[in-house]
Amino acid sequence: MSDASHIKPATKTAPISRGARIVDVLKRDWQLYVMLLPTIIWLLLFLYKPMYGLQIAFKDYSVFRGIANSPWVGFEHFETLFNNDQFIRAIRNTVVISFWSLLIGFPVPILLALLFNEVLNQKFKKTTQTIVYLPHFISSVIIAGIVIAAFAPSAGIVNTAIRALGGDAIYFLTKPEWFRPIFIGTGIWQEAGFQSIVYLAAIAGVSPTLYESAVVDGASRWQMMWKITIPSILPTIIIMLIIRIGNILEVSFEMIILLYQPATYETADVVNTFIYRQGLQGGQYDLAAAAGLFNAVMAFTLVMAANALSKRYSRTSLW
Amino acid sequence: MTNMNLYSPGDKVFVYLCMFLISVFALSTLYPFIYIAAISLSTGFEARAGNVVLTPVDTTLAAYEYVVAQREFWVSYRNTFIYTIGGTITSLLFIIPGAYALSRPHLYGRRFWNLMVAFTMWFNAGLIPFFLNMRDLGLLDSYIGIMLGFAINGFNVILLRNFFEAIPQSFEEAARMDGANEFQVLWKVYMPLSKPAIATVTLFCVVGRWNGFFWAMVLLQDGEKIPLQVYLRQVIAQLSDDEEFTATLLDQAYSVETVTAAIIVASIIPVLIFYPFIQKYFNKGIMLGGVKE
């Protein structure tokens, strides 16, 4: 999308010069500010005020003294955190879970889009697309409920199948070694279909003349997929990859809270679940806020780097 | 589109292979839902024994009868509707005028205000400061807290702003000639032209609200105010540990498994009803989602 603001002429009056007084601006545009003000106030109250509250990461926060009056302690909480095995483990788990989700989960929607592209029967295509998009719209509590039911030790279908094949039932959700496969698999099952939409849109943008001339040259569908479709959507693939890498610290911790238990913390506990337990359940607000600040700064750096990278790559920024 | 008859035999095999793989994926997407529905309609004994695979065994509505007899189920169901409808309306009341103002090229400080919105997408204070802020604002255990506290999402604002920006200025000239003010221009010119974008944002809000769980769990302690998702979570987490409940099951046709499954089905049904309606818009929504700063 081009930046239309440079092309469009100003509506009612000429743009205000640098020296113009605020009063004149307000006189002319007060209605716009009335429209904008609720949004600005909301942002200040609900998103920027908590940023001010982040200072408790450097304070010995007490509920009675409040944020401003609690005494400063410098980097004490960060020192505590980096000497805390659980926090180190949480960072490691976050990165490992994200890495495997990316490695296994990233190609699936691309593959799905390529498969959908080959289907000529529109009714089949529409029906199957409708089905694979569905889990995206289902709450994680429900998805987790289904996972817990399916992997239950005696009643679950997975163990029924294992027993039918002569194996011994496994209590999957209490086994640290099973947590990541189940979590990552659930994520792919829930999101891959919906994520394929982006690639389908990219494929829809490929010029039909490319395929027409390939047909004239006698190319097979398989060849066209490799020689035309995939190279054409490569920029989209790279952009999506950069976005995913930028968001590598964003593990869907809501789903983890729903699926993990003390027995699987070893492989399941990520930074945000650590924060949730220490802060919201344990009341150690200052320590948990420090962990959150560390996470937010790392995430911000990654996202900015990803944005810069994609800007260079595509000459358009992501958002 | 190319006619299948023009395909070589090899191409035909390839296309059928693709359709086969898609079918496998679609069926594995569908199966867990069928499985849960089958459990919800089976007797507790059969479900507990792991005998339910595809269709209900010993079909019974006992689990549903148990669920609809729970007062908490209806309270939380009602609350979910309150949060979804109230929360979506709240969001739109903020987002639509805000995005419109930000889209005006001559808005003073436009770059600054836009950056202020975009920054919230890159940097987040985190769970603890947000929670403490909600507590300090007195918004714990409050309907208003849930509806107001999550009203604006930077992504939605920018999506709508970009759509407004792309509308040619010429559309509003007639209205301006008639002396329309900004509110009238937004209401009579921009909103009717932006139906797909507004529908998309509405869809995002509705889906987010209906599915919202984490903050509802953290901010709401009062059982009278929790939404369906939190209730469902409590049932899953507590029912199986509740010896009193488990003890009463011995002579019942339902079990922990079937009751949980029944609640899951009950909370999916509204999504399924609205799903065809939703689907009409989200393809467009994803396209609009390719936004820029």
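Since this is a predicted model, take the numbers as computed values, not measurements.

Moving on: the overall build of chain B. Helices and strands together make up the secondary structure of chain B, namely 15 helices and zero strands. When its C-alpha atoms are laid out on the principal axes, chain B stretches across 75 × 70 × 35 Å. Going through the 293 residues of chain B one by one, you find that 41% of them count as buried.

To continue, consider the interface of chain B and chain A. Taken together, the contact between chain B and chain A spans 89 residues of the former and 86 residues of the latter. Sort the elements by how many residues they give to the side of chain B that touches chain A and helix H1 (residues 9-40) of chain B lands first, with 17 residues. For the side of chain B that touches chain A, the per-class residue count stands at 58 nonpolar, 21 polar and 10 charged.

Glancing now at unusual backbone geometry. Residue and element names in this part refer to chain B. Even without glycine at this site, Asp 58 takes up a positive phi of about 60°. In this fold, Asp 58 is placed in the loop between helix H2 (44-48) and helix H3 (62-68). A residue is classified by how many C-beta atoms lie within 10 Å of it, and Asp 58, with 14 of them, is partly exposed. Its identity as a non-glycine residue notwithstanding, Asp 141 has a phi of 55°, on the positive side. Along the chain, Asp 141 falls in the loop between helix H6 (127-136) and helix H7 (143-149). A tally of 14 C-beta atoms within 10 Å means that Asp 141 is categorised as partly exposed.

A pair of packed helices is captured by two measures, namely the crossing angle of their axes and the spacing between those axes. All names here are of chain B. It is the contact of helix H4 (residues 71-103) with helix H8 (residues 154-166), at a shortest axis distance of 8 Å, that shows an interaxial angle of 50°. In terms of axis orientation, H4 runs oblique to H8. Of the two elements, H4 crosses H8, and the hand of that crossing is right-handed. Of H8, the residues touching H4 (which contributes Ile 95, Ile 96, Gly 98, Ala 99, Tyr 100, Leu 102 and Ser 103) are Asn 156, Val 157, Leu 160, Arg 161, Phe 164 and Glu 165. By residue class, the composition of the contact of H4 with H8 is eight nonpolar, three polar and two charged.

All names here are of chain B. For H6, a buried count of eight out of 10 residues is recorded, marking the element as mostly surrounded by other parts of the structure. Considered for burial, the residues of H6 that qualify are Leu 127, Ile 128, Pro 129, Phe 130, Phe 131, Leu 132, Asn 133 and Met 134. Looking one or two places after H6, you find Gly 138, whose phi comes out positive at around 70°.

Parameters and conventions
Residues numbered from 1 in each chain as written. Chains lettered and ligands numbered in written order. Predicted model: local features only at pLDDT ≥ 70, side-chain atom pairs only at ≥ 80, totals over all residues. Helix = DSSP H or I, 4+ residues; strand = E, 2+ residues; numbered from the N terminus. Buried ≥ 20, exposed ≤ 12 C-beta atoms within 10 Å, placed from the backbone. Contact = placed C-beta atoms within 7 Å. Nonpolar A, V, L, I, M, F, W, Y, C, P; charged D, E, K, R; others polar. Axes fitted to C-alpha atoms, helices over the stretch in contact; angles between N-to-C directions. Parallel < 35°, antiparallel > 145°, perpendicular 65-115°, else oblique. Left-handed = near helix turned anticlockwise from the far one by under 90°.

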